[in-house]
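# Descriptive structure summary
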Amino acid sequence: MRALFAVFSGTGNTRRVSDGLADELRALGHDAEIYPIRNEAPMPALDAFDVLILAYPVHAFNAPAAALAFMKKLPAAEGMPAYLLRTSGEPSKLNDASGITPKRILAKKGYDVLGELSYVMPYNIIFRHSDGMAARMWRDAELRFPEDAAAIAAGVGEKRRVNALRRMVAFMCRIEHTAMPVLGKTFRASKKKCVGCGACAGLCPRGNIKMVDGRPKFGTHCVGCMACSFGCPEDAIRISVLNLWRVNGKYSFEGEPATDEENCRYCRKMYLKYFHAIEDRAEHSARVPDEEEEKK
Ligand SMILES: Cc1cc2nc3c(=O)[nH]c(=O)nc-3n(C[C@H](O)[C@H](O)[C@H](O)COP(=O)(O)O)c2cc1C
């Protein structure tokens, strides 16, 4: 099987998860390719693949406008199996609403959406998770990869149902799609801090930042992915009215995962439920072969 991962990622979380899942598929003997959804990239040749995996971060309980625009440009492909893969800062069921529009667009084009895969990764806006939380999220993502890769390989999956209230909340939050191009135009680089390195321009997946006289100038195609402010090595980007929510600097995923006691207080129960769901399954499947061994 040949899988194409079409990935929109602002600050690297969705790309990281897509890379991990693609590696897992390769370990099972399949081909997997990553296509980053960036403005300048030409459309991939879909007929070279057997399954399409559309990966995006959740933005205000929706798929980002850039991911939807990519889906709208996809060619019709009657019966082609597809999956949605999303990352989000918290394991809220509201985030499932972000699959509604992608499923509708893909179904119209004939794709057969077989499942939705969700991974919790650290927030890139609003607040910064501890590195311990990031490490636990990543460890648990790695525990999830074998199940998800096996499901993709077998052509099975689960689609999320979203109740009317959550649909309505997500619908109202879609204002983000019209607000961000306007707001993004007012992002600025701090005169004191900006060294004119151009990292923001290089990171922006929308090609929305041009360097003019050694300083970034923001255009009207922002989708609020935070690649610029998160990735600025000098923490120089000011994100307008969202500035108090700015998060800057890469997470370290490789340290010691947070224990239950160290779990972040915000939505504590939801995170613990998410972590334990896969940790308990992984522990159980590690124990069962040992017990069978003992019986022999
Ligand atoms: C504008 C914006 C809105 C977001 N909205 C949500 C949200 O509604 N729910 C959530 O759980 N996470 C939300 N997040 C967090 C991201 O989904 C999360 O950090 C994701 O892993 C980032 O992926 P990326 O690094 O591939 O861009 C939001 C992030 C941004 C930048």
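Worth saying up front: this structure is predicted, and the values here are computed from it rather than measured.

Glancing now at the overall build of the protein chain. Broken down by element type, the protein chain carries nine helices and nine strands. Over its C-alpha trace the protein chain gives a radius of gyration of 20 Å, about what one expects of a compact globule, namely 19 Å for 296 residues. C-alpha extents for the protein chain along the principal axes are approximately 75 × 50 × 40 Å. Buried positions account for 39% of the 296 residues belonging to the protein chain.

This part covers the domain arrangement of the protein chain. Structurally, the protein chain comprises domain 1 (2-168), domain 2 (176-245) and domain 3 (259-295). On a C-alpha basis, the centroid separation for the pair domain 1 and domain 3 is 23 Å. Taken together, the contacts link 12 residues of domain 1 with 10 residues of domain 3. Per-element tally for the side of domain 1 that touches domain 3: the top contributor is helix H4 (residues 131-154), with six residues. Of the residues belonging to the side of domain 1 that touches domain 3, the class tally is four nonpolar, four polar and four charged.

Near the ligand you find 25 residues, and of these Gly10, Asn13, Thr14, Pro57 and Ser88 are the closest. Listing elements by their share of the shell around the ligand, those giving two or more residues are helix H1 (13-27) and strand E4 (81-88). The element contributing the most residues to the shell around the ligand is H1, with three residues. Looking at the shell around the ligand residue by residue, the classes come out as nine nonpolar, 14 polar and two charged. No fewer than three residues from each of domain 1 (2-168) and domain 2 (176-245) sit in the shell around the ligand.

With that settled, consider unusual backbone geometry. One non-glycine residue, Ala60, adopts positive backbone phi at about 50°. With respect to the helices, strands and loops of the structure, Ala60 is situated in the loop between strand E3 (51-57) and helix H2 (65-73). A positive phi angle, close to 80°, is found at Ile126, a residue other than glycine. Among the structural elements, Ile126 can be located in the loop between strand E5 (112-120) and H4. The partly exposed category is assigned to Ile126, around which 13 C-beta atoms lie within 10 Å.

In this section: the pairing of strand E1 (residues 2-7). With five of six residues buried, E1 is to be regarded as a mostly interior element. You can see the chain leave E1, run along H1 and come back into strand E2 (residues 31-36), and the turn it takes is right-handed. Direction of pairing for E1 relative to E3: parallel, over a ladder of five bridges. The residue of E3 that forms the bridge with Ala6 is Leu54.

All right, on to the sheet that holds E5 then. Sheet architecture is open: five strands sit in the order E2-E1-E3-E4-E5, paired in parallel fashion. The open sheet has two edge strands, E2 and E5, and neither has a second partner. Direction aside, neighbouring strands of the sheet carry axes that sit 20° apart on average. When E4 meets E5, the two strands line up parallel, connected through eight bridges. Within E5, the position partnered with Leu84 by the bridge is Glu116.

By the bridge criterion, six bridges tie E1 to E2 in an arrangement that is parallel. If you follow Arg2 over to E2, its bridge partner there is Asp31.

Cut-offs applied
- Residues numbered from 1 in each chain as written.
- Predicted model: local features only at pLDDT ≥ 70, side-chain atom pairs only at ≥ 80, totals over all residues.
- Helix = DSSP H or I, 4+ residues; strand = E, 2+ residues; numbered from the N terminus.
- Rg over C-alpha atoms; globule rule 2.2 N^0.38 Å.
- Buried ≥ 20, exposed ≤ 12 C-beta atoms within 10 Å, placed from the backbone.
- Domains from an automatic or database assignment.
- Contact = placed C-beta atoms within 7 Å.
- Nonpolar A, V, L, I, M, F, W, Y, C, P; charged D, E, K, R; others polar.
- Near = placed C-beta within 6 Å.
- Right-handed = clockwise from strand over helix to strand, strands pointing away.
- Pairing = 2+ DSSP bridges.
- Axes fitted to C-alpha atoms, helices over the stretch in contact; angles between N-to-C directions.

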